[in-house]
Amino acid sequence: MAELRVAIVGFGKIARDQHVPAINATEGVTLAAVASRNASLPGLPHFSTIEELLRNGPEIDAVALCTPPQVRRAQAVVALKAGKHVMLEKPPGAAVSELDPLVALAAAQKRTLFATWHSRYAPAVEPARNWLARRRIKSVKIDWKEDVRVWHPGQAWIWEPGGLGVFDPGINALSILTRILPEPVFVTSAELSFPSNRAAPIAANLALTDTGGLPIAAEFDFRQTGPQSWDIVVDTDDGRLRLSSGGARLVAGDEVLVDEKEAEYPGLYRRFVELTAHGAIDVDLVPLRLVADAFLLGGRRIVEPFED
């Protein structure tokens, strides 16, 4: 089978740090071009926009959209109408309702639309799901706290409407949560902390539950310095399960079940190759719906201004 020829659209930190190495490490896929207003990759054809790429670029089969979520829907439409498969970085869009028309368009074009949740491909996530499936869960606590200056340097879009603020990393925790728990969950209340000079929250506290009344608490914060926290702790009738390091490490009681190097994005591209072989669609909007509900239900708290 011929290799899947992919162009990356939007060549920022996530594309350079994750997508390029993952493509290079994944059998069946090759990087054919880059479209970005401000960055290029030596040795590859470069174009300023997706329109220019599709008009003047080399033959490609698919695009990986790594642009800010506010512009991603329009780019996905252009790519799908041109007969290309589409991978969407997370979050898949700036709004929940904009995804259904994209799914319909992909189906009509018989092309793949893949809304990625990279944290679900962390090495400890499936073992955690399997471990929890055999136990009664009593409570869940999420601590997802990082330094925005380290992970999103100079990325002004993240503070604009649709950029999600602290939910940009926080949605990773929600994507894991909704994968490892056996029952669907929903938000019951939220408190969102907005810097006085920004349109998106810098911190958030959420209360969630499921139909059985499971207590779930989540704390997200962009102001963490020093050690970073990407942890989910689940108390069960058989002791405590701790998923840490963003899903790379899993400990049950005192027993280390998983402790591996992060390798999420090669998993995404393996899945993308599988999907495109059949023109299949993989779009799960549950994590994005939870974030939207947090904004709907969240009380707003104004905090000190944030400056890069």
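Predicted model, so just to flag it, every value in this text is computed and none were measured.

### Concerning helix H1 (residues 13–25)
Between the first and last C-alpha of H1 there are 18 Å, a value that for 13 residues agrees with the 18 Å anticipated at 1.5 Å per step. Of all the bends in H1, the greatest, near 30°, is centred on histidine 19, and the proline proline 21 appears no more than four residues after it. Listed as buried for H1 are Ala15, His19, Val20, Ala22 and Ile23. The secondary structure elements touched by the buried residues of H1 are strand E1 (4–9), strand E2 (29–35), strand E4 (62–65), strand E5 (85–88) and helix H8 (264–276).

### A short note on the packing of helix H3 (residues 69–81) against helix H4 (residues 99–109)
Packing of H3 against H4 leaves a shortest axis separation of 10 Å and a crossing angle of 10°. Relative to H4, the element H3 is oriented roughly parallel. Only Leu102, Leu105, Ala106 and Gln109 of H4 make contact with H3, whose side of the interface consists of Arg73, Ala76, Val77, Leu80 and Lys81. Each residue belonging to the contact of H3 with H4 can be placed in one class, and the counts come to six nonpolar, one polar and two charged.

### Re the sheet that holds strand E14 (residues 255–259)
Here nine strands make up an open sheet; going across it, the order is E14-E13-E12-E11-E7-E10-E9-E8-E15 and the pairing mixed. The sheet is open, and its two borders are formed by E14 and strand E15 (298–303), each paired with just one other strand. For this sheet, the mean angle separating the axes of adjacent strands, direction not counted, is 10°. Of the pairings in the sheet, the one linking strand E9 (residues 203–210) to strand E10 (residues 216–221) comprises six bridges and is antiparallel in character. Across the sheet, alanine 203 pairs through a bridge with aspartate 221, a residue of E10. Set on the sheet, helix H5 (residues 125–132) makes contact with strand E7 (137–145), strand E11 (229–236), strand E12 (239–244), strand E13 (249–252) and E14; between it and E12 the angle comes to about 165°.

Rules used throughout
- Residues numbered from 1 in each chain as written.
- Predicted model: local features only at pLDDT ≥ 70, side-chain atom pairs only at ≥ 80, totals over all residues.
- Heavy atoms only, no water.
- Helix = DSSP H or I, 4+ residues; strand = E, 2+ residues; numbered from the N terminus.
- Expected span 1.5 Å × (residues − 1).
- Bend = angle between axes of the 7 residues up to and from the residue.
- Buried < 20%, exposed > 50% of the residue type's maximum accessible area, 1.4 Å probe, protein only.
- Contact = heavy atoms within 4.5 Å.
- Axes fitted to C-alpha atoms, helices over the stretch in contact; angles between N-to-C directions.
- Parallel < 35°, antiparallel > 145°, perpendicular 65-115°, else oblique.
- Nonpolar A, V, L, I, M, F, W, Y, C, P; charged D, E, K, R; others polar.
- Pairing = 2+ DSSP bridges.

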